[in-house]
Amino acid sequence: MVGIVVVSHSRALARAAVALAEEMTPGRPVPIAVAAGLDEETLGTDAAAIAQAIGAVDGEDGSVVLMDLGSAVLSAEMALEFIEDDVRRRTLLCSAPLVEGLVAAVVAAAGGAGRAEVAEEARNGLLGKQSQLADGGEVVEVEQQQPQPWATARLTITPPHGLHARPAAKLVAELRGLNAVVEIRNVTKESAWVSAASLSRIATLGLRTGHEAEARASGPAAEEALQRLTSLAARNFDESAGASATTGSPAQQPFPTAALPASPGIAIGPIRHAVSGPTLENFEAEPATSPVDEKQRLESALATTRQHIHELRATVAQGESAIFDAHLALLEDPALLNQTQAAILAGQPAARAWAAATLEAARQFESLDDEYLAARGADVRAVGEQVLAALLPQIPIAETRSGEAILVARDLAPAQAATLDPDTTLAVITAYGSPTSHAAILTRARGIPAIVAAGTDVLNWPEGTVVALDATTGELIVSPSPETIAAFTGRAETARAAAEAAQADAHQPAITRDGFRILVGANASTPAEATAARALGADLIGLVRTEFLFLGRESAPDVDEQESAYLDLADAFGGERITLRTLDVGGDKPLGYLPMPLEANPFLGVRGLRLGLLRTELLTDQLRAIVRTAHQTPVSVMFPMVSTLDELLAARSLLDQVLATEGTPPGLLVGIMVEVPAAALKAASFAPHVDFFSIGTNDLTQYTLAAERGNEAVAALGDPFDPAVLHLIRATCNGAAGQAEVAVCGEFAADPRAVSLLLGLGVTELSVTSRRVPETKQRVRSASLAQSRTTAEQALLRATSEEVRGLPGVTASHDR
Amino acid sequence: MSEIVDVSTLKSWLIRFAGDVEEHAAELTELDSAIGDADHGSNLARGMKAVITALVDDEAPDSIGPILKQSGMTLVSTVGGASGPLYGTLFLRMAASAGDCDALGPQSLAQAFRAGLDGVAARGKATAGEKTLLDALIPAVDTLESALAEGTPFDDAIRAAADAAEAGRDATIPMLATKGRASYLGERSVGHQDPGATSLALLFRAAANTMIDGEDGK
């Protein structure tokens, strides 16, 4: 990716411009370096610093340097004399205007444009503004700080609750994008003028029904602005006559239709609200890093919150969605943001700066004498705390109170989901969230029923409200009738009986009706998980994610430490076979002690075995620890993210070198993960060199459908039932036939509907989350290989995942 | 040919210039406030202070080229305004021309100034008559060269160069600025003395004052 260097006299200006530009490309970080000011306060430019900044972002694609004026240009030119020839050849000084050019350049660079194109885009950065202003017909020189030539208009406030958050947000929205400065005041209360672009300031005017407001505007679009406001007021600020922002008793509300089942199961019980996250008055912020970093944290927290609100907004009726527009407008409120940014620049952590600004705004509302407006302070607090929570490190939800309950929370972070206790948490209901999130996966893994995206109303349910939910179907019933309770209890009993039957046979081998043994393993990475896996009857551990040993530390674990960790795991599993996957990290989860270049697309970059072959000392150490472990207990080793035979041969040769010194342990099996379509299709070429294949269906699905599972916009595409994925599983089994075994260790293996399908495709081992081992074994026992093969053949002829799911053999296996 | 500028003379020149800039900082800034961004005096004073601080450091270089180079780099990183890269270029090009030696003769000094002048002109993409420091630098270097070519003794030549720089400085008053921040003012720049040319004249006067034995003040 092309790097960008921002040269300015002012460090604050440069950082603000960078923050502005980065807003355009969330999630696609462009390397940007700032060379601005002589220090935090002193204006000036420094050629040596510019040269350094160029070096910092320089890469294969070079960089584009944007600068403000005067000495910035001279210094930038001079900087070129200070850098290496080859770097200079790929460094472009660009005459674009700094702010507009930077925004355009960052967008172009994030999109993968070359440096000439980035520079061209930057130079064109003024076009939008130029055409906008020329369009107005009157290119007015905006006078600075002069007495403004104001145009004014009167507005009568007609909505029943006055100009509360929703109509005020409408007002702000009407003015957005207009080249005009607009201010507004409450004539009735003789208030001062406030900016009409600031939702929080407008609301402090206390404009109630019948009040007279005056708006004044200056600038090229002043007339347009006033016309829009007059028209908005004439439309009763788009409030329908009966519109009311109050809600009825929450318990009587039907549950939102968008509530999504995220983890199957049935539960009836009183709700307990998750111990609330940070409040504006009470939280602990980490000390500030640099203002730039803090600013970035703020931006990203705002973006996260914005997305949450958008998601929720999409789930409510159109008439009510405007209240979320008010929340969204708060996230863009210039007064709030300015105050926050000023505090950040003054050295405060983003969390504290944001909390102070929103708290002040909330209190302004709360101090108003109008009961309705005062209550809007709660909106500010809610949005404020939402952003604050996104700014703070995730804290586990403490389940301090005893007794079983259904946990109700705003949303769960993966870390929080992982701390839930299945013994006391009957189920989870979240206001936000997605069934495809990692938190949902974790909840499923813990066997806790969960319904997500149920809407914020659930947060208002009184503590102890009894709720019945069937998270298999998504049903959620508040204060259920005795009949409903009976029906749900009956369903739960049936399910529990099936589970108990499965548990009772958990330690028996899983043999199909027609007599084929299928190994059902567990995915486990810690001794505790291994103990659980053993208790639940896992035949082996089919996947140990060894990166758990490597993450969150200053240096890589040495051979001895690894060996002892692997042995602990094997001991906890009673000395049965464990399958160690070598380190699987990449640019998306870099290790501190393994610096990696910034990749535009880490999922297609250096990860898994690719990294191991670049850093052979790391892989060799790990293989040595694995081989030493294998001398003491049955071990399989597998390499992740293999796409070519050369990679496998290189890895095997490293392993052979280790075996030459350590000796070859009896029973050491070697395999590869199949996550890349290329590996699936070439299984026959790999087969002579491996004992087994293990298909990682999550990644295989992602790479096959080109849909990242974390991206909710495309998550639905990443469906493992897609016939393309099934064809690749079949290709793997065909290629392996007679030479190597094929296992599936992705989440797909734990899907009850998939078991028969996988067996039919030729898979002989399933590795699932421990909790699903008994049930998966039952699935195997109820299947016949012959029938499964027929089902699989039919599935391979289908065109869509829906058709596959509709096959009798697939749906049938879903019924108990 | 006698060696006019040894390491200690060079250091004296720089220290003298720094003192002069400090002394005239308010005046330079005032000139700049009329047609620029009112920072020339304070910027250059800050930069030269840093040059002197680096000069007296124990680790400081002890030969002509390296001292000039260090000074140039220091100016580049500490002045902040346009005079940073411009004065920086002047010293860096002089450093390259002078090389790593213990002393410069008159010709070598003139060559170094010429190299510096060329660098500054290229850096600013300016020529004579545009109300910049070149309007002092060009006549100063031209005068130094021609005087030496005519066989004028060095003392007289460098004094003439300083005079020429001051005359050039004064000549900027009626000029119309077409480069730098002053160019934004257009016609309004006429009637003001250019601050860059003013400081450049100080540089040559400081040279004359330190390189001529017994010369002091004017």
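In this text, all values refer to a predicted model and were calculated from it rather than measured experimentally.

**Some words on the overall build of chain B**
Okay, step 1: Along chain B, the regular secondary structure elements total 8 helices and 2 strands.
Okay, step 2: Going from the N terminus to the C terminus, chain B shows its helices and strands as β-α-α-α-α-β-α-α-α-α.
Okay, step 3: Among the 218 residues that make up chain B, the fraction classed as buried is 56%.
Okay, step 4: Sequence-distant contacts in chain B: of pairs separated by 6 or more residues, those separated by 24 or more amount to 67%.

**Re the interface of chain B and chain A**
Okay, step 1: Taken residue by residue, the interface counts 18 residues in chain B and 15 residues in chain A.
Okay, step 2: Counting only elements with at least two residues in the side of chain B that touches chain A, the list comes to helix H3 (64-78), helix H4 (83-98) and helix H5 (106-124) of chain B.
Okay, step 3: Counting residues per element, the side of chain B that touches chain A draws most heavily on H4(B), which supplies 5 residues.
Okay, step 4: In terms of residue class, the side of chain B that touches chain A is made up of 6 nonpolar, 10 polar and 2 charged.

**A few points about the pairing of strand S3 (residues 63-67) of chain A**
All names here are of chain A.
Okay, step 1: Burial runs high along S3: 5 of the 5 residues are buried.
Okay, step 2: Burial of S3 is two-sided: the residues Ser63, Val65 and Met67 facing one way and the residues Val64 and Leu66 facing the other way are all buried.
Okay, step 3: Note that strand S1 (residues 3-8) and S3 share 5 bridges and pair parallel. Note that in S3 the partner of Val6 across the bridge is Leu66.
Okay, step 4: Sheet topology note: the S3/strand S4 (residues 91-94) ladder contains 4 bridges and is parallel.

**Here's the deal with the sheet that holds S4(A)**
Residue and element names in this part refer to chain A.
Okay, step 1: Pairing within the open sheet is parallel, and its 4 strands lie in the order S2-S1-S3-S4. Among the strands making up the open sheet, the edge pair consists of strand S2 (32-36) and S4. Sheet twist, expressed as the average angle between the axes of neighbouring strands with direction ignored, equals 20°.
Okay, step 2: The strands touched by helix H1 (residues 11-22) are S1 and S2; relative to S2, the strand with the most contacts, the crossing angle is about 160°.

**With respect to the packing of helix H2 (residues 47-57) of chain A against helix H3 (residues 71-82) of chain A**
All names here are of chain A.
Okay, step 1: Look at H2 against H3: their axes get within 8 Å of each other, and the N-to-C directions meet at 65°. The element H2 and its partner H3 pack so that their crossing is right-handed. Contacts between H2 and H3 involve Ala47, Ala48, Ile50, Ala51 and Ile54 from the first element and Ser75, Ala76, Met78, Ala79 and Phe82 from the second.
Okay, step 2: For the contact of H2 with H3, the residue count by class is 9 nonpolar, 1 polar and no charged.

**Overview of the packing of H1(A) against helix H5 (residues 98-110) of chain A**
Residue and element names in this part refer to chain A.
Okay, step 1: Direction vectors running N to C along H1 and H5 enclose 40°, while the axes themselves pass 9 Å from each other. In the crossing of H1 with H5, the sense of the turn from one axis to the other is right-handed. Along its contact with H1, which presents Ala17, Leu20, Ala21 and Glu22, the element H5 presents Leu98, Val99, Leu102, Val103 and Val106.
Okay, step 2: A per-class count over the contact of H1 with H5 returns 8 nonpolar, no polar and 1 charged.

**Some words on unusual backbone geometry**
Okay, step 1: Positive phi values are uncommon outside glycine, yet A:Ser479 reaches one of about 45°.
Okay, step 2: With respect to the element layout, A:Ser479 can be found in the loop between strand S15 (475-478) and helix H20 (482-504).
Okay, step 3: Positive phi, close to 65°, is recorded for B:Lys131, a residue that is not glycine.
Okay, step 4: Judged by the 27 C-beta atoms lying within 10 Å of it, B:Lys131 falls in the buried class.

**Some thoughts on the confidence of the model for chain B**
All names here are of chain B.
Okay, step 1: For chain B, per-residue confidence averages 89 on the pLDDT scale, and residues scoring 70 or more make up 96% of the total.
Okay, step 2: When the elements of chain B are averaged for pLDDT, helix H1 (residues 7-35) gives the smallest value, 89, and helix H6 (residues 134-149) the largest, 96.
Okay, step 3: Interface scoring of the predicted complex returns ipTM 0.78; its pTM is 0.44.

**A short note on H3(B)**
Okay, step 1: Its 15 residues give H3(B) an end-to-end C-alpha distance of 21 Å, which sits within 8% of 21 Å, the value for a rise of 1.5 Å per residue.
Okay, step 2: Across the 15 residues of H3(B), 12 count as buried, placing the element largely inside the fold.
Okay, step 3: Restricting attention to buried positions, one finds in H3(B) the residues B:Ile64, B:Ile67, B:Leu68, B:Lys69, B:Gln70, B:Ser71, B:Gly72, B:Thr74, B:Leu75, B:Val76, B:Ser77 and B:Thr78.
Okay, step 4: Where H3(B) is buried, its residues meet H2 and H3 of chain A together with H1, helix H2 (40-55), H4 and strand S2 (103-104) of chain B.
Okay, step 5: Downstream of H3(B) by a residue or two, B:Gly80 has a phi angle that is positive, lying close to 95°.

Calculation criteria
Residues numbered from 1 in each chain as written. Chains lettered and ligands numbered in written order. Predicted model: local features only at pLDDT ≥ 70, side-chain atom pairs only at ≥ 80, totals over all residues. Helix = DSSP H or I, 4+ residues; strand = E, 2+ residues; numbered from the N terminus. Buried ≥ 20, exposed ≤ 12 C-beta atoms within 10 Å, placed from the backbone. Contact = placed C-beta atoms within 7 Å. Nonpolar A, V, L, I, M, F, W, Y, C, P; charged D, E, K, R; others polar. Pairing = 2+ DSSP bridges. Axes fitted to C-alpha atoms, helices over the stretch in contact; angles between N-to-C directions. Left-handed = near helix turned anticlockwise from the far one by under 90°. pLDDT = per-residue confidence, 0-100. Expected span 1.5 Å × (residues − 1).

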